[in-house]
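Structural overview
The primary structure of each chain is shown beneath.
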2 protein chains.
Amino acid sequence: MSSDQISTKTRILDVTWNLLESGDKSVRMSDIAKAVGISRQALYLHFPSRAELLVATTRHIDSVKDVDARLARSRSAQTGVARLHAFIDAWGGYIPEIHGVSVALRAMPDSDQDAADAWTDRMTAVRHGCAAAVVALARDGRLKEGLTETQATDLLWTLLSVENWERLVRDSGWSQNSYQAMIKQLSEAALMTDG
Amino acid sequence: MSSDQISTKTRILDVTWNLLESGDKSVRMSDIAKAVGISRQALYLHFPSRAELLVATTRHIDSVKDVDARLARSRSAQTGVARLHAFIDAWGGYIPEIHGVSVALRAMPDSDQDAADAWTDRMTAVRHGCAAAVVALARDGRLKEGLTETQATDLLWTLLSVENWERLVRDSGWSQNSYQAMIKQLSEAALMTDG
DNA sequence: TGTCAACTTGACACGATGTCAAGTTATCCA
DNA sequence: TGGATAACTTGACATCGTGTCAAGTTGACA
């Protein structure tokens, strides 16, 4: 250990991240091993399965890209609208960073419980962020009448899905900026009173 | 042939449809064969691959559920808004019918070109419907200023995605009615002038 | 009677994941 | 100095699902 500047484990995570983000391939365990410069079996000495490796990679990205700091800003917003905007910027702006891993995680066979759970956890965390923004809006009395907090959360969470980002940014060629601006506009139209 | 009331091919398609719609499983070729009551190999006498079987199943559902008739109504709408609503009803109401197959098609390995193409075709067809509704809105002068027809189409197409339906109806427990109502409301808020 | 289509059984190749066993190499430490 | 240990290597193998191949059966129809 100690020696090679950075540990093999970290190198594996970085390489996996790169391969997934570069997009084109299916990224098999053997591809990752080759890119790291170790044997396929050595991969299994560090990560028990492909699913666990993918999960560890998302955690690695979270720490490198400091997802906590990004979210902290939205938590400290004063008004409901500010919180909504900050959260959209935080999560919407984070999607491109984890998009490669997210695709791989969702492409795992349904039978893979680890992978499914990891993705569900992610989505649940995002949902909590949505719910907090909705609560802040409600507290300000800006939530559209006839909309429960749960419904509003469902909606915001749906609008902010990775798949919607894929459709607009990746498939339709929208810039990240116009994506974020449009989601804000849509969220306001969907959730807030005009007042 | 002729004899067994309905042809084996049709029975295969019906069974595949049922299995996919019932949701729980991975639905392997052997599962389908067993459910039809023939050998796994006989399946390959009728359909060259799993991908082709899935594609044929969507076409089968289209014909049984008469997708053309559903879409015809939206094409004959007089105003842009009417067309928008009719299209949302048509496609949004069709999603539950093909949801099982859609999941299976998207779950196919990326390497499978047939499956990917079939799904892309579907999405392209939906996009055309969206574009037509947007054109009708623009003709009525009801398209929001600062929004190109392409952007409006991108947005409507995104809102009407199968994944958004999954999130609201399947994951969040919305009724089909409230789903359709909400998509209408959102589409109007996103695309139309207040006038 | 013979032919043909629809099917059956059984074996096998392939690609990817994951496992197992046995060997190598470098480092650290007593 | 010599021996344990961690981090790796090579190579073989099991498993699962798809798809292929070959040879046999069955029933209808001409």
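Note that the structure is predicted; figures quoted are calculated from it, not measured.

A few words now on the protein's contact with DNA strand D. The immediate surroundings of DNA strand D are formed by 17 residues, with T8(A), S39(A), H46(A), R40(B) and R50(B) found nearest. One of the side-chain N or O atoms of Y44(B) is found 3.4 Å from a phosphate oxygen in DNA strand D. If you list the elements that add at least two residues to the surface near DNA strand D, you get helix 3 (40-46) of chain A together with helix 3 (40-46) of chain B. Among the elements that make up the surface near DNA strand D, the one with the highest residue count is helix 3 of chain A (four residues). For the surface near DNA strand D, the class distribution of residues is seven nonpolar, seven polar and three charged.

It is worth spelling out the protein's contact with DNA strand C at this point. As a matter of local geometry, DNA strand C sits amid 16 residues, with R40(A), R50(A), T8(B), S39(B) and H46(B) nearest to it. At 2.4 Å from a phosphate oxygen of DNA strand C is found a side-chain nitrogen or oxygen belonging to S39(B). In this structure, H46(B) approaches DNA strand C through a side-chain N or O atom, which is 2.6 Å from a phosphate oxygen. Only helix 3 of chain A together with helix 3 of chain B provide two or more residues apiece to the surface near DNA strand C. For the surface near DNA strand C, the element with the highest residue contribution is helix 3 of chain B, accounting for four residues. By residue class, the composition of the surface near DNA strand C is seven nonpolar, six polar and three charged.

Let's shift gears to the packing of helix 6 (residues 80-106) of chain A against helix 10 (residues 176-191) of chain A. Residue and element names in this part refer to chain A. Taken N-terminus to C-terminus, the directions of helix 6 and helix 10 make an angle of 140 degrees; their axes are 10 Å apart at the nearest point. Taken together, the axes of helix 6 and helix 10 lie oblique to each other. Note on packing geometry: the crossing formed by helix 6 with helix 10 is right-handed. Contact residues: V81, L84, H85, I88, D89, G92, G93, I95 and P96 in helix 6; Q176, Y179, Q180, I183, K184, S187 and E188 in helix 10. Here the residues of the contact of helix 6 with helix 10 are counted per class, giving seven nonpolar, six polar and three charged.

Here we come to the interface of chain A and chain B. With 23 residues of chain A at the contact, the number on the chain B side is 23 residues. Between chain A and chain B, a total of about 2,100 Å² is buried, with carbon and sulfur atoms accounting for 65% of that surface. A per-residue breakdown of the area chain A buries against chain B is headed by T158(A), R167(A) and L186(A), which together make up 26% of the total. Along the contact surface separating chain A from chain B lie two salt bridges. Note that E163(B) is salt-bridged to R167(A), the shortest N-O span being 3.5 Å. Our count for the chain A to chain B interface comes out at five residue pairs in polar contact (both at pLDDT 80 or more). Looking at the side of chain A that touches chain B, the elements that each hand over two or more residues are helix 7 (113-139), helix 8 (149-159), helix 9 (162-171) and helix 10 of chain A.

Conventions and cut-offs
Residues numbered from 1 in each chain as written. Chains lettered and ligands numbered in written order. Predicted model: local features only at pLDDT ≥ 70, side-chain atom pairs only at ≥ 80, totals over all residues. Heavy atoms only, no water. Near = heavy atom within 4 Å. Polar contact = N/O pair within 3.5 Å; in protein donor to acceptor, adjacent residues only side chain to side chain. Helix = DSSP H or I, 4+ residues; strand = E, 2+ residues; numbered from the N terminus. Nonpolar A, V, L, I, M, F, W, Y, C, P; charged D, E, K, R; others polar. Axes fitted to C-alpha atoms, helices over the stretch in contact; angles between N-to-C directions. Parallel < 35°, antiparallel > 145°, perpendicular 65-115°, else oblique. Left-handed = near helix turned anticlockwise from the far one by under 90°. Contact = heavy atoms within 4.5 Å. Buried area = accessible area lost by both parts, 1.4 Å probe. Salt bridge = Lys/Arg side-chain N within 4 Å of Asp/Glu carboxyl O.

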